[in-house]
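These are the residues of each chain, in order.
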Amino acid sequence: MSDTPVKANRRPEWKALASHAETMKAVHLRELFSHDRGRASRFTLEACGLTLDYSKNRITDETRELLLKLAEAAGVPEEADAMFRGEKINRTENRAVLHTALRAPKDAEVFVDGRNVIPEVHEVLDCMSTFAERVRSGEWRGATGKPVRNIVNIGIGGSDLGPAMATDALRPWVREDLNVRYVSNVDGAHLFDALRGLDPAETMFVVASKTFTTLETMSNAISARTWMREALGGDAGGHFVAVSAAPEKAIEFGVPEDQIFGFWDWVGGRYSLCSAIGLPLMLAIGPEAFRSMLGGFREMDEHFRGAPLDSNMPVILALLGVWYNNFFGAETHAILPYAQRLHRFAAYFQQGDMESNGKSVDREGRPVEWETGPVIWGEPGTNGQHAFFQSIHQGTRLVPGDFIGFCRSRDTYPGHQDKLMANCFAQTEALAFGRTREEVEAEGVPEHQVPYRVFEGNRPTNTILADELDPPALGRLIALYEHKIFTQGVLWDIYSFDQWGVELGKKLAKTLLAEFEGEPGGHDGSTDALVRRYLDRRR
């Protein structure tokens, strides 16, 4: 008998779900609700101040039981424990995966290579807090003696998306006299626009790069250094801080050693917000609010690790995603926050999910025979309603979605929050139940319009509700999706914490850049022709 693990889609639990899905494809949510008055309460979870109503999904109690058996067979609890313990679950790179350690309490113990990493985590967090207080109080002075009023973060990927998203989300906590901007794209226009109108004497750059060699980040950092030196002359080191796992390279760049904040190879970029990568966020909202956010992360971490599978919010979200992705052919998943300040949330988890689970090789190095991570996308409501909701309601593709809403808003005008949330709930109702031909005709709609005004419904949604978008709630939400992604990686039997897919393009870009400067090269006919056209027109 072979010791090679059974492929994910050949497990009996997977096959049972495939058979069950065939019977469920003919079942409508109208039918499920009409026959089951207790459905809404039975398919609702409460955890960590969040409510998850997943009753508007094309599932029954049997579906849930079959999905939970799949999670048990895949070893989700055991895999989660291994991650929290610091085992090297990122096996292609032989690394631990410990973003959860970044928000663990001081008295926790998590060992990597025999060393408890928690004291180091809190040492960095304390250094960040001290530095942030000095900048925010005005004690920290630039080369001309002026206090810092502008923070410009230079990073890309997780070094940009996380803190940029969270700064917007927590805007009410950002000091009014601090101007925080983010630069990621190597397109010079991004840096140019970010620096427009800033006084160099009052500006500080946070350069965030694990290796301090990332092409986009270092190109922008070098240009920012030139901008600063041209304005102030001489040494601009006091205007730069670095977040990096390569302090020697940051020093070589010109950042003073005591202005370098480290992090570790067991922190993946897209999971690094709670590390020193969050420094610009801490500068913006202050150490107290930042630590409050970490507390929200920790609450969801503890829930994920300790809750039974059937009441585990990240696990339930993950299983529902697998249900549609693998048994209904859904290719995308929409994240739809009904909160304008979460306008970068979908983009943040577009990276978090697609870079983690966009894989086509299983843990044994074999091509997968099933669909893995879906395309993640979304925009805030109500904007999306006037853009792409038409397709979700009446298009030919099944698009499951998460609707995220809040019961209160810190900054609003009378009536706005009620109108916002009325739209949120109305959309999930319309997507679930639609409108039949008979209902349309009963409204007196002209006969020729009737076919166009029928809504099939049966479009699945989850509704996630919190009291208010504050630092703890943001932490809980982010951790919820982080653990959903992890769980789906386990269910699909793939490694979620490497990202080899980004390497080839970066390598080829360096080769082409050298060719732009005159080095000989040779590519396919299309690429060679594009290079010639570019160089001719550049001149």
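Predicted model, so just to flag it, every value in this text is computed and none were measured. (Residues numbered from 1 in each chain as written. Predicted model: local features only at pLDDT ≥ 70, side-chain atom pairs only at ≥ 80, totals over all residues. Heavy atoms only, no water.)

A. Focus on the overall build of the protein. Scanning the protein from terminus to terminus reveals 20 helices and 13 strands. Compactness check: the protein gives a C-alpha radius of gyration of 25 Å against a globular reference of 24 Å for 539 residues, within 12% of the reference. Dimensions of the protein along its principal axes, counting C-alpha atoms only, are 75 × 70 × 60 Å. Across the 539 residues in the protein, those meeting the buried criterion constitute 54%. Considering only contacts in the protein between residues 6 or more positions apart, those separated by 24 or more positions represent 75%. When the 60 basic and 76 acidic side-chain charges of the protein are each reduced to a single mean position, those positions are 3 Å apart. (Helix = DSSP H or I, 4+ residues; strand = E, 2+ residues; numbered from the N terminus. Rg over C-alpha atoms; globule rule 2.2 N^0.38 Å. Buried < 20%, exposed > 50% of the residue type's maximum accessible area, 1.4 Å probe, protein only. Contact = heavy atoms within 4.5 Å. Lys, Arg positive; Asp, Glu negative; His and termini not counted. Charge placed at Lys NZ, Arg CZ, Asp CG, Glu CD.)

B. Structural context of helix 14 (residues 345-357). Spanning 13 residues, helix 14 covers 18 Å between terminal C-alpha atoms, matching the ideal 18 Å at 1.5 Å per step. Within helix 14 the residues assigned to the buried category are F345, A346, Y348, F349, Q351, G352, D353, S356 and N357. Residues of helix 14 that are buried make contact with helix 7 (158-169), strand 10 (332-337), strand 11 (375-377), strand 12 (401-406) and helix 18 (471-491). (Expected span 1.5 Å × (residues − 1).)

C. Structural view of the domain arrangement of the protein. Entries for the protein in the domain assignment read domain 1 (33-74 + 307-494), domain 2 (99-290) and domain 3 (503-538). On a C-alpha basis, the centres of domain 1 and domain 2 stand 33 Å from each other. Taken together, the 23 residues of domain 1 in the interface contact 21 residues of domain 2. Contact between domain 1 and domain 2 buries roughly 1,900 Å² in total, counting both sides, with carbon and sulfur atoms accounting for 63%. Our count for the contact surface shared by domain 1 and domain 2 stands at two salt bridges. Put simply, E355 and R270 hold a salt bridge, and the shortest N to O gap is 3.0 Å. Our enumeration of links across domain 1 and domain 2 arrives at six residue pairs in polar contact (both at pLDDT 80 or more). Counted by class, the side of domain 1 that touches domain 2 contains 10 nonpolar, five polar and eight charged residues. (Domains from an automatic or database assignment. Buried area = accessible area lost by both parts, 1.4 Å probe. Salt bridge = Lys/Arg side-chain N within 4 Å of Asp/Glu carboxyl O. Polar contact = N/O pair within 3.5 Å; in protein donor to acceptor, adjacent residues only side chain to side chain. Nonpolar A, V, L, I, M, F, W, Y, C, P; charged D, E, K, R; others polar.)

D. Representation of the packing of aromatic side chains in the model. Taken as a whole and judged by the stated rule, the model has 27 aromatic pairs. Relative to F253, the ring of F212 has its centre 5.9 Å away and its plane inclined at 75°; by these criteria the two rings are edge-to-face. In this pair, F212 sits in the loop between strand 7 (203-208) and helix 9 (215-232) while F253 sits in helix 10 (residues 247-253), placing the two residues 41 residues apart along the sequence. Here the aromatic cluster, defined as three or more aromatic residues joined through ring pairs, consists of W14, W323, Y324, F327, F328 and W370. For the cation-ring pair, K25 lies above F328, with the distance from its terminal atom to the ring centre recorded as 5.9 Å. Positioned above the aromatic ring of F43, the side-chain terminus of R39 is 4.8 Å from the ring centre. (Phe/Tyr/Trp six-rings, centres within 6.5 Å; stacked < 30°, edge-to-face > 60°. Lys NZ or Arg CZ within 6 Å of the ring centre and 35° of its normal.)

E. Inspection of the UniProt feature "active site" (unreviewed entry) in the protein at higher detail. Mapped onto the present numbering, the UniProt feature "active site" (unreviewed entry) falls on E355, H386 and K506. The greatest C-alpha distance among the annotated residues, which extend across 152 residues, is 36.7 Å, indicating that they are dispersed rather than converging on a single site. Within the annotated group just given, the residues that line the largest pocket are E355 and K506. Along the chain, the position of E355 falls in helix 14. The class for E355 is partly exposed, based on a relative accessible area of 22%. When near neighbours in sequence (up to four residues on either side) are disregarded, E355 contacts R270, Q350, D498, Q499 and V502. At a separation of 3.0 Å, a polar atom in the side chain of E355 contacts the side chain of R270. (UniProt positions renumbered as here; feature names shortened; annotations may be inferred. 1 Å grid on protein atoms, 1.4 Å probe; cavity = no way out; pocket = protein on both sides within 12 Å on 5 of 7 lines; lining within 4 Å.)

F. Inspection of the pairing of strand 6 (residues 179-183) at higher detail. As judged from the five bridges shared by strand 5 (residues 150-154) and strand 6, these two strands associate in the parallel manner. In the sheet register, N150 faces strand 6, and the bridge partner there is N179. Taking the sense of rotation as the criterion, the β-α-β connection linking strand 5, helix 7 and strand 6 turns out right-handed. (Pairing = 2+ DSSP bridges. Right-handed = clockwise from strand over helix to strand, strands pointing away.)

G. Looking closely at the environment of D168. Residue position: D168 is located in helix 7. When the C-alpha positions of D168 and I485 are compared, they lie 23 Å apart, and in sequence the two are 317 residues distant.

H. Seen up close, the nonpolar core. Ranked by size, the top nonpolar core spans 130 residues in total, and within it W266, W323, F345 and L474 carry the most contacts. Summarising the domain contributions, this core has at least three residues from each of domain 1 (33-74 + 307-494) and domain 2 (99-290). Counting 21 residues, the second largest nonpolar core, distinct from the first, contains L191, A194, A236 and F253. (Core = buried A, V, L, I, M, F, W, Y, C linked by side-chain atoms within 4.5 Å.)

I. Region of the structure containing the packing of helix 12 (residues 287-306) against helix 18. Contact pair helix 12 / helix 18: the axes reach a minimum separation of 7 Å and the direction vectors enclose 40°. If you check the angle between helix 12 and helix 18, you find them oblique. Two packed elements cross with a definite hand, and for helix 12 against helix 18 that hand is right-handed. Judged by residue contacts, A289, S292, M293, G296, F297, E299, M300, D301 and F304 of helix 12 engage P471, P472, L474, G475, R476, I478, A479, L480, E482, H483, F486 and T487 from helix 18. (Axes fitted to C-alpha atoms, helices over the stretch in contact; angles between N-to-C directions. Parallel < 35°, antiparallel > 145°, perpendicular 65-115°, else oblique. Left-handed = near helix turned anticlockwise from the far one by under 90°.)

J. Structural view of the sheet that holds strand 13 (residues 461-466). Pairing in this open sheet of six strands is mixed, and the strands run 1-2-13-12-10-11 from one edge to the other. The strands lining the two open edges of the sheet, one partner per strand, are strand 1 (44-47) and strand 11. Neighbour-to-neighbour, the strand axes of this sheet turn through a mean angle of 15°, independent of strand direction. For strand 12 and strand 13, the ladder comprises six bridges, and the chain directions are parallel. Along strand 13, the bridge assignment pairs F406 with A466. Strands in contact with helix 13 (residues 313-327) are strand 1, strand 2 (50-53), strand 12 and strand 13; relative to strand 2, the strand with the most contacts, it is inclined by about 30°. Together, strand 10, strand 11 and strand 12 form the strand contacts of helix 14, whose direction differs from that of strand 11 by roughly 165°.

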